[in-house]
Amino acid sequence: FNNWMETNMRFECKGLTFTYPQTDKPVLENLNFSMAAPGFNAVFGPSGVGKTSFARILAGGSSGPAGDALIYEGISTILYSYNQERLPGWSCTGSHLEKVCPKKKADLRKELVNIFKVESLLGSRFSQLSMGQQNRMNLIRYLIQDFDLLILDESLANVDEALRETIILAIKEMFPSKLFLYISHNLMEVARFCKDILVLSRPGQDKGAVVV
């Protein structure tokens, strides 16, 4: 991430430590790194290492639990999409997407619906969809909003590998000026599609966070 001065979009962690209330051991301890420039980046590490905790802290911005440990430049709107997030169940998914979609993004919504292969699901309620279908529909809801940084926390889990690849490549092409942070357990996937990878290890180990 050497070109952040050109893009003027970056965030930095300086000594980020986080411990949940009523617990003794920190989930994250003394993280120091920076990420910058538009594109797809990733957070990777074994289960229980704090990837989701980190994502939620990051989504909270400088006013969240991290406070001054997080520094943002050129990033004002952060959205957080996660696996198994639910949409309201009282209306069909198509109506919900139309309701939350800014008028200027109507064409984008239609294009995403086509790429994500959910046209046939627009008349169904969210609860009627499979987990993979739910995740695709939910991710569209975020992509049609205005954002600088979008965090995808296992947002394409339970989606067929070939379709997941199509979606990732489409997002990279359609949003070249946005910053994405992709959280996945699939090392081959993040290595293939992400420019830089933040590798987290458990607190107490020699390296709390390394960008590779």
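These numbers come from a predicted model, not from an experiment. (Residues numbered from 1 in each chain as written. Predicted model: local features only at pLDDT ≥ 70, side-chain atom pairs only at ≥ 80, totals over all residues. Heavy atoms only, no water.)

Caption draft 1: Main features of the overall build of the protein chain. Helix and strand counts for the protein chain come out as 7 helices and 9 strands. Taking all 212 residues of the protein chain together, the buried fraction comes to 50%. (Helix = DSSP H or I, 4+ residues; strand = E, 2+ residues; numbered from the N terminus. Buried < 20%, exposed > 50% of the residue type's maximum accessible area, 1.4 Å probe, protein only.)

Caption draft 2: A look at the pairing of strand 4 (residues 70-73). Residues of strand 4 alternate between two faces, with Leu70 and Tyr72 buried on one and Ile71 and Glu73 left unburied on the opposite face. Here 4 bridges tie strand 1 (residues 10-18) to strand 4, and the two strands are oriented antiparallel to one another. Bridging across to strand 4, cysteine 13 finds its partner in leucine 70. (Pairing = 2+ DSSP bridges.)

Caption draft 3: Molecular detail of the packing of helix 4 (residues 106-115) against helix 6 (residues 161-174). Look at helix 4 against helix 6: their axes get within 10 Å of each other, and the N-to-C directions meet at 155 degrees. The angle between helix 4 and helix 6 falls in the class roughly antiparallel. Along the contact surface, helix 4 presents Leu108, Glu111, Leu112 and Ile115, while helix 6 presents Leu163, Thr166, Ile167, Ala170 and Met174. Residue composition of the contact of helix 4 with helix 6, by class: 7 nonpolar, 1 polar and 1 charged. (Axes fitted to C-alpha atoms, helices over the stretch in contact; angles between N-to-C directions. Parallel < 35°, antiparallel > 145°, perpendicular 65-115°, else oblique. Contact = heavy atoms within 4.5 Å. Nonpolar A, V, L, I, M, F, W, Y, C, P; charged D, E, K, R; others polar.)

Caption draft 4: The arrangement of helix 4 in detail. Leu108, Arg109, Leu112, Val113 and Ile115 are the residues of helix 4 that are buried. Mapping the buried residues of helix 4 onto a view down its axis gives an arc of 165 degrees, with all of them on the same face. Seen from the buried face of helix 4, the exposed residues on the opposite side, beyond 90 degrees, are Asp107 and Lys110. Where the residues of helix 4 are buried, they touch helix 3 (93-100), helix 5 (131-143) and helix 6. One or two positions beyond helix 4, positive phi appears at lysine 117, with a value near 55 degrees. (Arc of directions from axis to C-beta.)

Caption draft 5: Layout of helix 6. For helix 6, with 14 residues, the first-to-last C-alpha span of 20 Å sits near the 20 Å given by 1.5 Å per residue. Burial in helix 6 covers these residues: Leu163, Arg164, Ile167, Ile168, Ala170 and Ile171. Relative to the axis of helix 6, the buried residues are bounded by an arc of 165 degrees and lie together on one face. Away from the buried face of helix 6 by more than 90 degrees, exposed residues Glu161, Ala162 and Glu173 are located. On its buried side, helix 6 packs onto strand 3 (39-44), helix 4, helix 5, strand 7 (179-183) and helix 7 (187-193). (Expected span 1.5 Å × (residues − 1).)

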